[in-house]
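Structural description and commentary
Spelled out, the chains give:
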Amino acid sequence: MMTHLLNAGLMTLGLALVSLAVGMVLAVLLCGAEMSRWRLLRLPASALTTVLRGLPEILVVFFIYFGSTHLLFLLTGEYIEFSPFWCGVTALSLLFAAYAAQTLRGALNAVSRGQRQAAQALGLPPLHTFVHIVLPQTWRHALPGLSNQWLVLLKDTALVSLIGVHDLMHQAKSAAASTYQPFTWYALAALIYLAITLVSQQGLKRLQARVTRYD
Amino acid sequence: MTKWIEYAYTLLDGLQVTLLITGSGLLLGLLIALVLTWILDKRVPVLHWLAEGYLLLITGTPLLVQIFLIYYGPAQFDWIKQSWAWQYLREPLFCAILALGMNAGAYTCRLFKGALDAVPKGETLACRALGMSEWQTLSVKLRHAMRRVIPAYSNEVVLVLKGSSLASTISIMDIMGLAQRINGQTYDTLTVFGVAGAIYLLMNSLLTWLFRLLERRALAFQQQG
């Protein structure tokens, strides 16, 4: 049963990584919308981030899983259940994006104006300025915040066990139920979560050191 | 439209439980955080290793696992079941508060420690040079640290309030628990969870607003100079 638990740990890691990828794309879009000149883009984006940050994570997960089925039923009159995995990814990546967009916005604003003006004065086209001057610095400013949000995301994955994704938490639950040894299995699951967290913390620390080596 | 009001009315029955868990969790968390911060700041031998371990363990694992570990875990051991602790540990409400408090304690300790470390060393030295006692020095340090702690602590309060919804996973009928029950009965998912979400959002905005008020009051002494 230990191998099941370890495999489920990989499942959790995969789920978190997929959510991270989707979440990053969403975060960039949300950040862009929030900084846009058009109110029609700005307002819905800020509303979405505010709501997502104010709701309990479990509510977001349930809302998307049960809500999507319900919505489809209202639209088509058919009961189709979406895959719990992808509902979980949607919820987790939305939650990640809401916080990451905030971080990105702060990081973009932290790049000093003079840099952009200097690039302009040197005759660098806007796209080049953004890609070669602004983006690398934004990334550097944003990394600590994003690292934190990755750790939050890792821990939030446990919630998708409640909608039936066979992740680490789910496996621990079924092992606990079948062996009558809840303490053992939940403690083991906790240790695996801890191991994933510690390894990613170390990795992120190295990445951070690399990114800021010129400072 | 009437359905909205009806759901809101039923869900508000869980408000008391949600507030009880959040409030007690925060109180317990504050207590744990103060003790841990003291241990870490004074570098109490041996104990500060234990405190570091505690922080690592709690902040490195999901709250859901902690809740399940505390609620379902003890049943594995007969000696716990026969002890006095069992009458508390078999209560889901007690376990939820314990888990949330232990969790909040770890995060709040990190916050306090960070704020204390951010107080410039010169300030402590100046206090000592002026012949202030240990307690007076501490009070100066604390006032400095407060500037950082109050805004960050409001985040923690929101986190605990949101986290209290996980109590629904061990059969507690808080707002989230009631929302799940009504959803199971009516399948009116979007409306039920929508109303529950609105209640949580409202509470969170209220809390944030209250903290901003407190911030302005508590930090008024800084605006005089």
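Worth saying up front: this structure is predicted, and the values here are computed from it rather than measured. (Residues numbered from 1 in each chain as written. Chains lettered and ligands numbered in written order. Predicted model: local features only at pLDDT ≥ 70, side-chain atom pairs only at ≥ 80, totals over all residues. Heavy atoms only, no water.)

1. Comments concerning unusual backbone geometry
Its identity is not glycine, yet A:Tyr180 carries a phi of approximately 60°, on the positive side. Structurally, A:Tyr180 can be placed in the loop between helix H7 (168-179) and helix H8 (182-211). On the basis of relative accessible area, A:Tyr180 is assigned to the exposed category, the value being 69%. Residue B:Ser171 is not a glycine yet carries a positive backbone phi of 70°. Topologically, B:Ser171 is positioned in the loop between helix H9 (134-163) and helix H10 (175-186). (Helix = DSSP H or I, 4+ residues; strand = E, 2+ residues; numbered from the N terminus. Buried < 20%, exposed > 50% of the residue type's maximum accessible area, 1.4 Å probe, protein only.)

2. Observations regarding the nonpolar core
The biggest cluster of nonpolar side chains holds 120 residues, and the ones touching the most others in it are A:Ile163, A:Met169, B:Leu11 and B:Ile170. In this view, A:Ile163 contacts A:Val61, A:Phe62, A:Tyr65, A:Pro84, A:Cys87 and A:Gly88; residues no more than four positions away in its chain are not counted. (Core = buried A, V, L, I, M, F, W, Y, C linked by side-chain atoms within 4.5 Å. Contact = heavy atoms within 4.5 Å.)

3. Observations regarding the UniProt feature "transmembrane region" (unreviewed entry) in chain B
Following the UniProt record, one finds the feature "transmembrane region" (unreviewed entry) at residues 20-41, 53-73, 157-178 and 190-211 of chain B. Taken end to end, residues 157-178 of chain B is 50% helix and 0% strand, and its two terminal C-alpha atoms sit 22 Å from one another. (UniProt positions renumbered as here; feature names shortened; annotations may be inferred.)

4. Considering the packing of aromatic side chains
Describing an aromatic ring pair means giving the distance of the ring centres and the angle of the ring planes. Residue and element names in this part refer to chain B. Evaluation of the coordinates by the stated rule reveals 14 aromatic pairs over all chains. Summarising the aromatic geometry, the rings of Phe68 and Tyr72 are spaced 5.2 Å apart at their centres and angled 70° between planes, so their arrangement reads as edge-to-face. With Phe68 and Tyr72 both in helix H4 (residues 63-72) and four residues apart, this pair spans about one turn of that helix. Classification of Phe68 by relative accessible area gives buried; the value is 3%. For Tyr72, a relative accessible area of 32% gives the class partly exposed. (Phe/Tyr/Trp six-rings, centres within 6.5 Å; stacked < 30°, edge-to-face > 60°.)

5. A few points about the environment of B:Leu166
Position of B:Leu166 among the secondary structure elements: in the loop between H9 and H10. We classify B:Leu166 as buried; its relative accessible area is 8%. Put simply, B:Leu166 and B:Leu64 are 102 residues apart on the chain and 6.8 Å apart in space, counted from C-alpha to C-alpha. If near-sequence neighbours (up to four positions away) are discounted, B:Leu166 is found in contact with A:Ile58, A:Leu159, B:Leu63, B:Leu64 and B:Ile67.

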